[in-house]
Amino acid sequence: MGSTAYNYSGETVIVTGGSSGIGREIALRFAEAGATVLNADVREDPKNTNETEPTHELIEAAGGTATYVETDVTEPAQIASLIGEAREYGGVDVMINNAGLYIGKSLREVSPEEFDRIHAVNVRGVFFGCQAAANDMIERDHSGVILNTASISSTHAQFDQVQYDSTKGAIRMVTRGAALELAEHGIRVNGVAPGQIATEFLEGWTETAQREAQEEKFLKPVPLRRAGRPADVAGAYLYLASDDASYVTGELLHVDGGWQIC
Ligand code: NAI
């Protein structure tokens, strides 16, 4: 099967949580397509110990343009300064709010601090990422694109993760609401909903995710009978940011091996 070659030359793309996993792959793919990439993460090094080089160094070694901007997405002031830094590269064209945190516990065990923390990263981070990018794009009279990493958990409840599912459900509605409000400015806002993707999101999970996707551990095993890889997901972002998706906004694109169909 063929794949699409996108051209993002001259475009500036911000990826939050671009040091590891899905965000790292998104950053690499946009850079490969010619974009200047700003990786905004709390840590510079990848979480997966098999990957040693920071994302921006890998991109630069391949001849691309990228930088690391230490950013905690729970702090709106840091997101605003990140957007300011993007102006040095011509201003943000594509804002990807991808950084996320997982806490797996039953409803009865989650502490108020854990609840606040996961909502701060996953919801506050995405909300103020949308706000900062939108304000900057409108000020520059620029019809950019905002993409948010949601989840299968945006629409499907799973055991021991109501605190996570509630953040991803909120991201779905932040995406739809922002799409509605920003449409008059020509700014499109969409979400990507990955299923089970083998990353270090859960510690040590890269090793076990492929196996678990095929087992009865989950209520519904993944129909394609394997966990996804970051490379399975990244293309959805390149598509949604592109002119091929010029009439797509407020959408949640599932990339989940068929998880949500039955
Ligand atoms: P990951 O843990 O490999 O990458 C997440 C990145 O976010 C890390 O580099 C981490 O340092 C960064 N980050 C965490 N808190 C941050 C903060 N406060 N400010 C800035 N950066 C921060 O995880 P993965 O799997 O790549 O997850 C990326 C996104 O995909 C998350 O939003 C997650 O909820 C979502 N997702 C992941 C799935 C999976 O199966 N791995 C499934 C569905 C959604």
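Residues numbered from 1 in each chain as written. Predicted model: local features only at pLDDT ≥ 70, side-chain atom pairs only at ≥ 80, totals over all residues. Heavy atoms only, no water.

Per an unreviewed UniProt entry, the protein chain goes by SDR family NAD(P)-dependent oxidoreductase and derives from Halocatena marina.

Draft legend 1. Looking closely at the site of the ligand. Taken together, 28 residues sit near the ligand, with Asp 41, Lys 47, Asn 98, Tyr 164 and Thr 199 positioned nearest. Between the ligand and Ile 197 there is a distance of 2.8 Å, counted from an oxygen atom to a backbone nitrogen or oxygen. Here the ligand, which alone exposes 830 Å², has 96% of that area covered by the protein. Of all the secondary-structure elements, those providing two or more residues to the shell around the ligand are helix 1 (21-32) and helix 5 (162-182). Considered class by class, the residues forming the shell around the ligand number eleven nonpolar, twelve polar and five charged. (Near = heavy atom within 4 Å. Polar contact = N/O pair within 3.5 Å; in protein donor to acceptor, adjacent residues only side chain to side chain. Areas by Shrake-Rupley, 256 points an atom, 1.4 Å probe, with all protein chains shown as cover. Helix = DSSP H or I, 4+ residues; strand = E, 2+ residues; numbered from the N terminus. Nonpolar A, V, L, I, M, F, W, Y, C, P; charged D, E, K, R; others polar.)

Draft legend 2. Summary view of the packing of aromatic side chains. For the structure shown, the criterion picks out six aromatic pairs. With a centroid separation of 4.8 Å and an interplanar angle of 65 degrees, the aromatic rings of Tyr 8 and Phe 30 are classed as edge-to-face. One end of the pair, Tyr 8, is in the segment before strand 1 (12-16); the other, Phe 30, is in helix 1, and 22 residues separate them in sequence. On the basis of relative accessibility, which here comes to 0%, the residue Phe 30 falls in the buried class. With a centroid separation of 5.0 Å and an interplanar angle of 70 degrees, the aromatic rings of Phe 127 and Phe 128 are classed as edge-to-face. Take Phe 127: its relative accessible area is 40%, and that puts it in the partly exposed class. Three or more aromatic residues joined by ring pairs form one cluster here, namely Tyr 6, Tyr 8 and Phe 30. (Phe/Tyr/Trp six-rings, centres within 6.5 Å; stacked < 30°, edge-to-face > 60°. Buried < 20%, exposed > 50% of the residue type's maximum accessible area, 1.4 Å probe, protein only.)

Draft legend 3. Local environment of the nonpolar core. Counting residues in hydrophobic clusters, the biggest one holds 30 residues, and the most contacted among them are Ile 14, Ile 83, Met 95 and Ile 146. Counting only elements with at least two residues in this core, the list comes to strand 2 (36-41), helix 3 (76-87), helix 4 (112-139), helix 5 and strand 6 (188-194). Sorting elements by how many residues they give to this core places helix 4 first, with seven residues. Core analysis: the second largest hydrophobic core is formed by 29 residues, Ile 26, Ala 35, Val 37 and Ile 197 among them. (Core = buried A, V, L, I, M, F, W, Y, C linked by side-chain atoms within 4.5 Å.)

Draft legend 4. Here's a closer look at the environment of Asp 160. Within the element layout of this structure, Asp 160 appears in the loop between strand 5 (145-149) and helix 5. For the pair formed by Asp 160 and Thr 249, sequence separation is 89 residues and the distance between their alpha carbons is 31 Å. Discounting chain neighbours no more than four positions away, the residues touching Asp 160 are Tyr 102, Ile 103, Gly 104, Lys 105 and Ser 106. (Contact = heavy atoms within 4.5 Å.)

Draft legend 5. Structural view of the sheet that holds strand 3 (residues 65-70). With parallel pairing, the seven strands of this open sheet are ordered in space as 3-2-1-4-5-6-7. At either end of the open sheet lies a strand with only one pairing partner, and these are strand 3 and strand 7 (252-255). In this sheet, adjacent strand axes meet at a mean angle of 20 degrees when their direction is disregarded. On the sheet, helix 7 (residues 230-241) packs against strand 4 (94-97), strand 5, strand 6 and strand 7 and is oriented at approximately 170 degrees with respect to strand 6. (Pairing = 2+ DSSP bridges. Axes fitted to C-alpha atoms, helices over the stretch in contact; angles between N-to-C directions.)

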